[in-house]
Amino acid sequence: MKVFAIGAITTPPTPEQQQQVMPKEVPHTLQLYLDGKIEQFWFRQDRLGVVFLMNVDSVEDAKAAVDTLPLTEGGFMTFDLIPVGPLAPLARLLPTT
C-alpha cells in the first residue's frame, strides 16, 4: 500500500534542540528508506516539513514508522497520512469487451 506522509513542523526546535535532535533524525529517516518503508522523500517548499511516499502494509504501519522519528517523538512535527492507489476512474476510458 502507498501512503503519502505529509509532515509539518508544528513547534520549531530551538538551535540547541536542533543540535540534539537532527543528528538522530537523519539516520533514522535513512534507515526507514533502507528498510523500504520510505520509497521517496522531499522537503516541503510551502513550509517547514517533509513529504514521504511510503510503501507499507497499512496506514497504521505508516503512523507507527513516522511516530518513531525523533522530531515527531519530540513534539516538533506532525504527519497527515493519506493512503493512495491507482486512479480507478480511468477504467471508464477503456473499452469493454
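Here we summarise the structure given alongside this text. (Residues numbered from 1 in each chain as written. Predicted model: local features only at pLDDT ≥ 70, side-chain atom pairs only at ≥ 80, totals over all residues. Heavy atoms only, no water.)

**Let's talk about the pattern of salt bridges**
Part 1 of the argument: Inspection of the entire model under this criterion finds 3 salt bridges.
Part 2 of the argument: Where Asp46 meets Arg44, a salt bridge forms, and the shortest distance between an N and an O atom there is 2.8 Å.
Part 3 of the argument: Relative accessible area serves as the criterion here: at 58%, Asp46 is assigned to the exposed category. (Salt bridge = Lys/Arg side-chain N within 4 Å of Asp/Glu carboxyl O. Buried < 20%, exposed > 50% of the residue type's maximum accessible area, 1.4 Å probe, protein only.)

**As for helix 1 (residues 15–34)**
Part 1 of the argument: Taking 1.5 Å as the rise per residue, helix 1 with 20 residues should run 28 Å; its terminal C-alpha atoms sit 28 Å apart, in good agreement.
Part 2 of the argument: Along helix 1, the sharpest kink reaches roughly 40°, centred on Val21 and followed within four residues by the proline Pro23.
Part 3 of the argument: All of the buried residues in helix 1 are Val21, Glu25, Thr29 and Leu32.
Part 4 of the argument: Along its buried surface, helix 1 packs onto strand 2 (38–43), strand 3 (49–55), helix 2 (59–67), helix 3 (70–73) and strand 4 (77–84).
Part 5 of the argument: One or two steps after helix 1, the chain reaches Gly36, where phi turns positive at roughly 85°. (Helix = DSSP H or I, 4+ residues; strand = E, 2+ residues; numbered from the N terminus. Expected span 1.5 Å × (residues − 1). Bend = angle between axes of the 7 residues up to and from the residue. Contact = heavy atoms within 4.5 Å.)

Purely geometric numbers; function is a separate question.
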